[in-house]
Amino acid sequence: MKSNETAQAKGATKNMHSSTETQGLRNLFEDFLKDIYWAEKALVKAIPKMMKNATSNELAAALEGHLLVTKGQVTRLEEVFTLLGKPASTKKCDAMEGLIKEAEGIMEETEKGVVRDAGIIAAGQKVEHYEIASYGTLCAFAKMLKEYDVAALLHESLQEEKEADMKLSEVAETSVNVDAASV
């Protein structure tokens, strides 16, 4: 009889522990959502500054296109919060703040032209890689939490970030970096 009681107690402890871990993951997930929401809203303000400093028409067009995508991602994140039954709220993203400051520094420290354009692309790709990592993690967390509709929305943003990174690579490799290397 005692071994049966011990087994039941262990099972109850395991279920309680599992529930606590799930709540902890949910809290982390929601915290990361607030972080990326802040980041996307900050980018809506930062991308126009990059566009203004770009001299390559191809780069300016890529940035303009991604600005529209970013605005859509902000709206999509608001939909995610709604699906989760949570108010859309932000938490300052120190990483994105740093990446934006770095981009601003590059634009201030380089002369207008193809070298600055190359710097803008490099800064933009750092931002994209951060966002790819963030959305990838959020997708995995959403699936673990069985939030499949949320995961699908986050996956859309993940794919858009990968496309933006590829577009910046294309602009760099076909024109900007080639021109910058000859200056």
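Draft legend 1. Region of interest: the packing of aromatic side chains. According to the stated counting rule, one finds two aromatic pairs in the structure shown. Look at Phe-32 and Phe-141: their rings are 5.9 Å apart centre to centre, the planes differ by 20°, and that puts the pair in the stacked class. A residue pair is termed long-range when its members are at least 10 positions apart, and Phe-32 in helix α1 (residues 2-53) and Phe-141 in helix α4 (residues 114-144) qualify at 109 residues.

Draft legend 2. Here's a closer look at the environment of Gly-113. Structurally, Gly-113 is set in the loop between α3 (94-109) and α4. Along the backbone, Gly-113 and Ser-56 are 57 residues apart, and their C-alpha atoms lie at a distance of 7.9 Å.

Draft legend 3. Broad picture of the pattern of salt bridges. The tally for this structure, following the rule as stated, stands at nine salt bridges. In this structure, Glu-30 engages Lys-86 in a salt bridge whose closest nitrogen and oxygen atoms are separated by 3.9 Å. Placement of the pair is Glu-30 in helix α1 and Lys-86 in the loop between α2 (57-84) and α3, with a sequence separation of 56 residues. Lys-86 gets classed as partly exposed once you look at its relative accessible area, which sits at 38%. With a shortest N-O distance of 3.1 Å, Glu-97 and Lys-92 are connected by a salt bridge. Using a relative accessible area of 22% as the deciding quantity, one classes Glu-97 as partly exposed. Salt bridges sharing common partners tie together Arg-76, Glu-156 and Glu-160.

Draft legend 4. How the structure looks around the environment of Lys-92. Within the secondary structure, Lys-92 is located in the loop between α2 and α3. Along the primary structure Lys-92 and Tyr-37 are separated by 55 residues, whereas in three dimensions their C-alpha atoms are 9.0 Å apart. Discounting residues that sit within four places of it in the chain, Lys-92 has contacts with Asp-35, Trp-38 and Glu-97. At 3.1 Å, the side chain of Lys-92 and the side chain of Glu-97 are in polar contact.

Draft legend 5. Expanded view of the nonpolar core. Counting 43 residues, the largest nonpolar core has Phe-29, Leu-33, Leu-59, Met-96 and Leu-154 as the members making the most contacts within it. Every element with two or more residues in this core is listed here: α1, α2, α3, α4 and α5 (148-181). With ten residues, the top contributor of residues to this core is α1. Among all residues touching Phe-29, those that are not within four sequence positions of it are Leu-84, Leu-138, Phe-141, Ala-142, Leu-145, Val-150 and Leu-154.

Draft legend 6. Representation of the side chain of Glu-128. Looking at the element boundaries, Glu-128 is found in helix α4. This buried residue, Glu-128, is left without a salt bridge; Arg-76 holds the nearest opposite charge, at 11 Å. Reaching out from Glu-128, the side chain makes a polar contact with the side chain of His-66 at a distance of 3.1 Å. Not counting residues up to four positions away in its chain, the partners in contact with Glu-128 are His-66, Glu-161, Ala-164, Asp-165 and Leu-168.

Draft legend 7. How the structure looks around α5. Between its first and last C-alpha, α5 extends 46 Å over 34 residues, near the 50 Å set by a 1.5 Å rise per residue. Maximum bend of α5: about 55°, positioned at Ala-172.

Here is what the cut-offs are and how they apply
Residues numbered from 1 in each chain as written. Predicted model: local features only at pLDDT ≥ 70, side-chain atom pairs only at ≥ 80, totals over all residues. Heavy atoms only, no water. Phe/Tyr/Trp six-rings, centres within 6.5 Å; stacked < 30°, edge-to-face > 60°. Helix = DSSP H or I, 4+ residues; strand = E, 2+ residues; numbered from the N terminus. Salt bridge = Lys/Arg side-chain N within 4 Å of Asp/Glu carboxyl O. Buried < 20%, exposed > 50% of the residue type's maximum accessible area, 1.4 Å probe, protein only. Contact = heavy atoms within 4.5 Å. Polar contact = N/O pair within 3.5 Å; in protein donor to acceptor, adjacent residues only side chain to side chain. Core = buried A, V, L, I, M, F, W, Y, C linked by side-chain atoms within 4.5 Å. Lys, Arg positive; Asp, Glu negative; His and termini not counted. Expected span 1.5 Å × (residues − 1). Bend = angle between axes of the 7 residues up to and from the residue.

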